[in-house]
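Structural characterization, general
For reference, the chains in residue letters:
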Amino acid sequence: MSAKVEGVVAPCERAPLPEVESCVIVIFGASGDLSKRKLIPALYDLFHAGCLKRNFAVLGVGQSTWSDEEFRAQMREGAEKSEDVDEFNDAKWQEFAAHLTYTTGDLTTDAIYNEVATRSEKLHEQIAPNAARNRLFYFSTPPSLAPVMVKHLGAAGLNNEEHGWSRIIIEKPFGRDLASAQSLNAEIASVFNEHQVFRIDHYLGKETVQNILVFRFGNSIFEPVWNRNYIDYVEITAAETLGIGGRAGYYEEAGALRDMVANHLLQLLALTAMEPPVAFDADSVREEKVQVFRSIRPMTPDDVTRKTVRGQYGAGTVEGQQVPAYRNEQGVKKDSNTETFVAVEFCIENWRWAGVPFYVRTGKRLADKVSEIAIHFKRTPQALFARTPEDRIEPNVIVLRIQPDEGMTVTIATKLPGMEMHAGTVHMVFNYESGFGVRTAAAYETLLLDALQGDATLFTRRDETEAEWRLITPIEEAWAQAAAPPFPNYAAGSDGPRAADELLARAGHRWRALQESHIDTQAASESVSQQTNDGAHVQAQAEEVAQA
Ligand code: BG6
């Protein structure tokens, strides 16, 4: 059990967002789910915040045969339901929706790109006839279409930057292995310059993911201990309670390793492990991340056997609901060996990290939704407090909580109140929302704004995507050669397969229970509600101190 110490800062206003230049945003795949759930809500919020003014237009291109009005109605439904939207308001929506237009088209033919060229010119004429012809193309489309689309965009002259900028945003997965990523990159490079290409990994748009850099490099107290001399191991978790929804077709091909580890989790690892960049700009930051990937030796088949675990969920109970096994999900093969859980131990062989395991895990249908990075420090060298059993003094852990309840926790040992010398653990908790009194911006909002401003810092560079696949492809290949474990090997609603615990236990380590982070956060919010939120202060509460 623990006492709590909290840091609370004065509530602050969200800083005003910059206004972006006049532009036409073309969303390819606009009748799909992403557009409705994420892209349009993000653009609506940017409009609401004043950074998109009258001089922008959105042209949706999709397979559904919708009119402009039908497109607007569909998008409205998404924005109204979206948890990302700051504040939905009918009048504001009407104003925003007037900027939305739609056309139906087959993305494998020339015709649609010629139409996009004509329509975007007309839209430019309407919104700002004398302004630059800036165009942003969002590929919200299956990965296999990307090379074809790039070629057609080039053939229609839409890559041209003579009269304004032209940028493309490409959704993950960026290829399905090293060879396909290399060939996709080469196709893109034959039509677009790298400064025009924005490979999106939405995790990089999350406020707390960006905060990893501020936390590490904006404070002088952490960096000196951020290395093998003080850190025992690092745990990176992205656990979900959701299953695969309606995405069986995609997921059967991808699996958890490609879907989550090849991008989101490796990005979290790189930000946690990288050296300080010389500046906070696109190339400096991305250069340091690539160095981390290069410091990890791709695994041999034998490494894969020892350092990876794959799992697939069976039936179980998640958040009080009975859910079916993965193999009984609609669209999934009855004998599917696709992994819905993966745990991997990565070893970064550089001066800072040699000998410190970085364990990553992700899975569907787990006990709780939580994404976090836990930095476990080494034990103190001596059991100094004779009457305190050594195991009561827990090593320090810093938890950077990506979601939900964004924030961070630091555990520290402290003397428990009383005449006798007993030590316990307290949690210093910082919660973003209660701390700052504002919600954090949705990832897509941040990333769309960055792309509109031409800032690629939070997007992955060509060599970075290839470096990621260089680590993932050998794992996929070794798994393809070996027999799959007896799936299903974890129940929906659990913390994952037992083999994942054994992976850490062999080194005397353990995963944090998935609900642990949740508990820390609850403790913080209960306590915050008892406070007068009146400025910067740190309050120590010696409540709830109990025997472990
Ligand atoms: C996506 C994956 O990239 O990230 C999904 O394709 C996953 O399978 C999602 O559910 C998780 O994102 P978030 O932001 O909810 O953690």
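Here's the deal with helix 12 (residues 443–453)
Of all eleven residues making up helix 12, ten are buried, and the element is well covered by its neighbours. For helix 12, the full list of buried residues reads Ala443, Tyr444, Glu445, Thr446, Leu447, Leu448, Leu449, Asp450, Ala451 and Leu452. Contact partners of the buried residues in helix 12: strand 2 (23–28), helix 1 (33–48), strand 5 (135–139), strand 6 (166–170), strand 7 (197–199) and helix 7 (207–217).

So, the packing of helix 1 against helix 2 (residues 68–81)
Closest axis-to-axis distance for the helix 1/helix 2 pair is 8 Å, and the angle between their directions is 75 degrees. By the angle class used here, helix 1 and helix 2 are roughly perpendicular. The segment helix 1 lies against helix 2, with Ser35, Lys36, Ile40 and Pro41 engaging Gln74, Met75, Glu77, Gly78 and Ala79. The residue inventory of the contact of helix 1 with helix 2, partitioned by class, reads four nonpolar, three polar and two charged.

A few points about the environment of Val356
Mapped onto the elements, Val356 comes out in the loop between strand 13 (341–347) and strand 14 (357–363). Separated by 128 residues in sequence, Val356 and Arg228 place their C-alpha atoms 6.1 Å apart. Discounting residues that sit within four places of it in the chain, Val356 has contacts with Arg228, Ile231, Asp232, Tyr233, Val234 and Phe346.

Brief notes about the pattern of salt bridges
Tallied over the entire structure, the rule returns 32 salt bridges. As a salt-bridge pair, Glu77 and Lys81 come within 3.9 Å of each other at their nearest N and O atoms. Here Glu77 and its partner Lys81 are both found in helix 2, four residues apart, which amounts to about one turn of the helix. When its relative accessible area of 65% is taken as the criterion, Lys81 is described as exposed. For Glu466, the salt bridge is made with Arg462, and the minimal N-O distance between the two is 3.8 Å. With a gap of four residues between them, Glu466 and Arg462 both fall in helix 13 (residues 462–481), about one helical turn apart. On the accessibility criterion, Arg462 (31% relative accessible area) is partly exposed. Through salt bridges with shared partners, a single ionic network connects Arg216, Glu223, Glu275 and Arg352.

Focus on the sheet that holds strand 7
Reading across the sheet, the six strands line up as 4-3-2-5-6-7 and stay open at both edges, with parallel pairing between neighbours. The open sheet is flanked by strand 4 (100–104) and strand 7, the only strands paired with a single partner. Going from strand to strand, the sheet's axes swing by 20 degrees on average, the running direction of each strand aside. As paired strands, strand 2 and strand 5 are joined by five bridges and run parallel to one another. By the bridge assignment for strand 5, Ile25 is matched with Leu136. Relative to the sheet, helix 1 contacts strand 2, strand 3 (56–62), strand 4 and strand 5, its axis offset from that of strand 2 by approximately 165 degrees. Running over the sheet, helix 4 (residues 110–127) touches strand 2, strand 3, strand 4 and strand 5 and is turned about 150 degrees from strand 2.

Focus: the site of the ligand
Surrounding the ligand, one finds Lys172, His202, Tyr203, Lys206, Glu240, Arg247, Asp259, Met260, His264, Lys364, Lys369 and Gln403. A distance of 2.8 Å separates an oxygen atom of the ligand from a polar side-chain atom of Lys172. Within the side chain of His264, one N or O atom sits 2.7 Å away from an oxygen atom of the ligand. Within the complex, 81% of the 400 Å² of free accessible area of the ligand lies under protein. The element best represented in the shell around the ligand is helix 8 (residues 248–273), accounting for three residues. Considered class by class, the residues forming the shell around the ligand number two nonpolar, three polar and seven charged.

Looking at the pairing of strand 17 (residues 407–415)
Relative to strand 17, strand 16 (residues 397–403) is paired through five bridges, and the arrangement is antiparallel. Paired with Val399 across the bridge in strand 17 is Thr409. Hairpin connection of strand 16 to strand 17: three residues between the antiparallel strands, including Asp405 at a positive phi of 50 degrees. Note that strand 17 and strand 18 (residues 423–431) share nine bridges and pair antiparallel. If you follow Ala413 over to strand 18, its bridge partner there is Thr425.

Looking at the environment of Lys151
Relative to the helices and strands, Lys151 resides in helix 5 (residues 146–155). With relative accessibility at 53%, the residue Lys151 sits in the exposed group. As a C-alpha pair, Lys151 and Ile188 span 37 residues in sequence and 8.0 Å in three-dimensional space. When sequence neighbours within four positions are dropped, the list of residues in contact with Lys151 reads Glu187 and Val191.

A short note on unusual backbone geometry
Of note, the bond from Lys172 into Pro173 is cis; its omega dihedral lies within 30 degrees of zero at 0 degrees. Examined against the element boundaries, Pro173 turns out to sit in the loop between strand 6 and helix 6 (178–189). Positive phi is not limited to glycine here, since Arg365 has a value of about 55 degrees. Inspection of the secondary structure assignment puts Arg365 in the loop between strand 14 and strand 15 (370–377). Among the residues examined, Arg365 registers a relative accessible area of 15% and is labelled buried. In this structure, Asp405 takes a positive phi of about 50 degrees despite not being glycine.

Conventions and cut-offs
Residues numbered from 1 in each chain as written. Predicted model: local features only at pLDDT ≥ 70, side-chain atom pairs only at ≥ 80, totals over all residues. Heavy atoms only, no water. Buried < 20%, exposed > 50% of the residue type's maximum accessible area, 1.4 Å probe, protein only. Helix = DSSP H or I, 4+ residues; strand = E, 2+ residues; numbered from the N terminus. Contact = heavy atoms within 4.5 Å. Axes fitted to C-alpha atoms, helices over the stretch in contact; angles between N-to-C directions. Parallel < 35°, antiparallel > 145°, perpendicular 65-115°, else oblique. Nonpolar A, V, L, I, M, F, W, Y, C, P; charged D, E, K, R; others polar. Salt bridge = Lys/Arg side-chain N within 4 Å of Asp/Glu carboxyl O. Pairing = 2+ DSSP bridges. Near = heavy atom within 4 Å. Polar contact = N/O pair within 3.5 Å; in protein donor to acceptor, adjacent residues only side chain to side chain. Areas by Shrake-Rupley, 256 points an atom, 1.4 Å probe, with all protein chains shown as cover.

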